[in-house]
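Breakdown of the fold
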Amino acid sequence: MSTSKEQGGSPSLIALGRYASIALSLLTVPIVARVLGPDGRGVSATMIAVVTIATVLVGLGVPLVLRRRIAEGESLTATLSAGRMFALLTLLPSLILGFAVNFVLFRESSFPDQLAFIVSMCLIPLSVSWAQDVSVLVATRQFHRMAILGVLQAGTMFSTIVVLWLTASVSIAGVVYASSLGNVVAFMVGLLWLRSGLGQFRLMRQIAAEGWTLIGAQLADVSTRRLDQVIALPLLGPVGAGLYSVAATVSSLSTPIAHATAAAMFKGMTGEDAADNGSGARTMRYGFALGTLLVIPMAIASIVGIPILFGEEYRDAILPTVILCAAVPATIATYCGATWMAAQKQGLRLTAIQIVTVVALVAGFF
């Protein structure tokens, strides 16, 4: 296990890795969209979105706790062992949540599709574990490995869907299984790079308690990218949810900028000095400025590219895509600010902010 704080490449590798991951994901979207149609695309996208949100909820902000503790010099081995034990214990709540959500949202789907969703929910502990690994790699500034993990996850899903497509076997269940397989591969590579045992129960309880106050920082990211997709299915139906999923996917191209900006400045966000030197506001300004540069190119690319990539039946997705692109500066600035608050242990305040945000999001949809 690498325990050094050596430089592992530039923070720009995070953005490059994320863009490579998104590029691989985008290559699968036209395949799924054309084969399954808007309704099938809507259901599969919603299932994957639920798994992503559930991973954050049961993860309780622990990945951010690990990042902060290791960045401040705590034992990597002990901290990671506690994190892995916590990840294992998320199995039961993940399973309970899976059955509950399946009954509410997917009970009209076929049995194979429902089974794929439940299996994916059971694999959430693996996703929690490799999310912790990503945080550790950021704290130890091993940016190249962090980028590789993301590419491996997306690349595995892409390869699996291509195989399904070539064998005329693309289905909602197949797409969900492909996403889960990507998480399994990332988990295994994370174990190889960051080896640790299971244990440290007292430390695990401390980390979990601290993570509970930081869950808002994680939700700040995932709610802007996934919660809307879950809400779209019951309100818009499968076809509407499918069109919306295309808009959400295209607008998410800005996400790597947020991750790279926050990761590059994370070291300067921790400690008492950072609380008084304006680093939080400065980070948000950087994020907003970078997002502003992306709005027009993304909007133009959406207008031209959506009918070409996804087909004419997805033309109605253009307007919501442009609207979501207009919100990119605020999205990036928000993520950067949330990361700063997490680094400053302002988790309760951040969680309160996110509760207000989620309520506004749900109310806006209705």
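This is a predicted model, so every value here is computed, not measured.

1. Considering the overall build of the protein
- If you tally the helices and strands in the protein, you get 15 helices and 0 strands.
- Looking at the protein as a whole, 57% of its 366 residues are labelled buried.
- When contacts within the protein are restricted to residue pairs at least 6 apart in sequence, long-range pairs at least 24 apart make up 85% of them.

2. Looking at the layout of surface pockets
- In this model, the second largest pocket occupies a volume close to 200 Å³.
- Lining the second largest pocket are 13 residues, with Leu-26, Val-250, Leu-253, Leu-309 and Phe-310 sitting closest to its centre.
- Every element with two or more residues in the lining of the second largest pocket is listed here: α1 (12-59) and α12 (279-310).
- Looking at the lining of the second largest pocket element by element, the count peaks at 7 residues for α12.
- Each residue belonging to the lining of the second largest pocket can be placed in one class, and the counts come to 11 nonpolar, 2 polar and no charged.

3. Section: the environment of Pro-256
- Within the secondary structure layout, Pro-256 lies in helix α10 (residues 255-264).
- As for Pro-256 and Tyr-19, which are separated by 237 residues in sequence, their C-alpha atoms are 6.4 Å apart.

4. Things to note about helix α14 (residues 328-343)
- The terminal C-alpha atoms of α14 lie 23 Å apart, and with 16 residues this matches the ideal 22 Å at 1.5 Å per residue to within 8%.
- Among the 16 residues of α14, 13 are classified as buried, and the element is accordingly described as predominantly covered.
- The first or second residue beyond α14 is Lys-345, which carries a positive phi of 60°.

5. Points about the confidence of the model for the protein
- The predicted model of the protein averages 83 in pLDDT, with 89% of residues at 70 or higher.
- Between residues 1-6, whose pLDDT stays under 50, and residues either more than four places distant or in other chains, the model counts 17 contacts.

6. What to know about the nonpolar core
- With 39 residues, the main nonpolar core has Phe-117 and Val-175 as its most contacted residues.
- Broken down by secondary-structure element, the contributors of at least two residues to this core are α1, α5 (111-122), α6 (124-139), α7 (143-166), α8 (172-193) and α9 (201-251).
- Of the residues forming this core, the biggest block, 12 residues, is contributed by α1.
- What Phe-117 contacts, discounting residues up to four positions off in sequence, is Met-47, Val-50, Val-51, Gly-98, Val-101, Asn-102, Phe-106 and Val-176.
- One finds Ile-70, Met-85, Val-134 and Ile-207 within the second-largest nonpolar core, a separate group that totals 29 residues.

7. Here we look at the pattern of salt bridges
- Taken as a whole and judged by the stated rule, the model has 5 salt bridges.
- In this structure, Arg-69 engages Glu-74 in a salt bridge whose closest nitrogen and oxygen atoms are separated by 3.0 Å.
- Judged by its relative accessible area of 33%, Glu-74 is partly exposed.
- The salt bridge partner of Glu-312 is Arg-315, with a shortest N-O separation of 2.9 Å.
- With a relative accessible area of 53%, Glu-312 lands in the exposed category.
- Linked by salt bridges that have partners in common, Arg-68, Arg-69, Glu-74 and Glu-210 make up one network.

Cut-offs and rules
- Residues numbered from 1 in each chain as written.
- Predicted model: local features only at pLDDT ≥ 70, side-chain atom pairs only at ≥ 80, totals over all residues.
- Heavy atoms only, no water.
- Helix = DSSP H or I, 4+ residues; strand = E, 2+ residues; numbered from the N terminus.
- Buried < 20%, exposed > 50% of the residue type's maximum accessible area, 1.4 Å probe, protein only.
- Contact = heavy atoms within 4.5 Å.
- 1 Å grid on protein atoms, 1.4 Å probe; cavity = no way out; pocket = protein on both sides within 12 Å on 5 of 7 lines; lining within 4 Å.
- Points joined across faces, edges and corners; volume = space filled by probe spheres on them.
- Nonpolar A, V, L, I, M, F, W, Y, C, P; charged D, E, K, R; others polar.
- Expected span 1.5 Å × (residues − 1).
- pLDDT = per-residue confidence, 0-100.
- Core = buried A, V, L, I, M, F, W, Y, C linked by side-chain atoms within 4.5 Å.
- Salt bridge = Lys/Arg side-chain N within 4 Å of Asp/Glu carboxyl O.

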